[in-house]
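# Structural features, examined
The chain contents come next:
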Amino acid sequence: MIFSRIRKLVPLVLFAGSSIVSSCVAPDDTSNLPKEDATTAAARKEMVGLSEADVRMCAGFPTATADAERGQIWTYQRTVQRGNLNVVIPTLAVGAIPTVGGSLNVDPGGYCNTQIRMVDGRVAEVAYAGDNNTPNHRDALCVSTVDGCVAYARQRHQVRTRASPR
């Protein structure tokens, strides 16, 4: 009697397990390196040329600064607490039936140091350092530092484009 109930449960457990596996999202790029986050990639280009005042307006005051040739390097530090999502599938084992079960842990936390090189009072370069990748994107934990600046730079560019004579 117990064996017949377990026999009925095995297809259900196998179906549930295959559903979980098939619901996984395949990354856009199947190479070993994930793609850089679109916002952080845009910041590397679009923030170049912003003044020190512009950067303070869009990103706030830097956490740290260091003198560099002809200017400074501004660092914005951001820490994302390590979260944890834990999904557990119960283990079933009776007699000759193989064990079915397992768990999944997702740990997206880390930290990002966004570094902005200022030369002659203007942004010359934007770089990222730290444990700042997510499973599908490089530098993704740095987005919140630069997303406002990307929007700010685009807005400033539109204003300058409209103001220039044709």
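Remember, predicted model here, so these are calculated numbers, not experimental data.

Turning our attention to the pairing of strand β6 (residues 110-119). Within β6, seven of the 10 residues are buried, which leaves the element mostly enclosed by the surrounding structure. Looking at chain direction, strand β3 (residues 71-80) and β6 are connected through 10 bridges and run antiparallel. Following the sheet pairing, T75 is matched in β6 by Q115. Connecting the antiparallel pair β6 and strand β7 (residues 122-129) is a turn made up of two residues, with D120 showing a positive phi of about 55 degrees.

Core analysis: the biggest nonpolar cluster contains 20 residues, and M47, L50, V55, I116, V123 and Y128 have the highest contact counts within it. Looking at this core, the elements with two or more residues in it are α2 (38-46), α3 (52-59), β3, β6, β7 and α4 (143-163). The dominant element in this core, judged by the number of residues it contributes, is α4, at five residues. Setting aside anything within four residues of it in sequence, one finds V123 in contact with M47, V48, G49, L50, V55, I116, R117 and M118.

This part is about the pattern of salt bridges. A complete count under the given rule lists seven salt bridges for this structure. Note that E46 is salt-bridged to R154, the shortest N-O span being 2.7 Å. With E46 in helix α2 and R154 in helix α4, this pair connects stretches of sequence that are 108 residues apart. Using a relative accessible area of 29% as the deciding quantity, one classes E46 as partly exposed. Among the ionic contacts, a cluster of salt bridges with common partners joins E36, R44 and D139.

Reading the values: rules and limits
- Residues numbered from 1 in each chain as written.
- Predicted model: local features only at pLDDT ≥ 70, side-chain atom pairs only at ≥ 80, totals over all residues.
- Heavy atoms only, no water.
- Buried < 20%, exposed > 50% of the residue type's maximum accessible area, 1.4 Å probe, protein only.
- Helix = DSSP H or I, 4+ residues; strand = E, 2+ residues; numbered from the N terminus.
- Pairing = 2+ DSSP bridges.
- Core = buried A, V, L, I, M, F, W, Y, C linked by side-chain atoms within 4.5 Å.
- Contact = heavy atoms within 4.5 Å.
- Salt bridge = Lys/Arg side-chain N within 4 Å of Asp/Glu carboxyl O.

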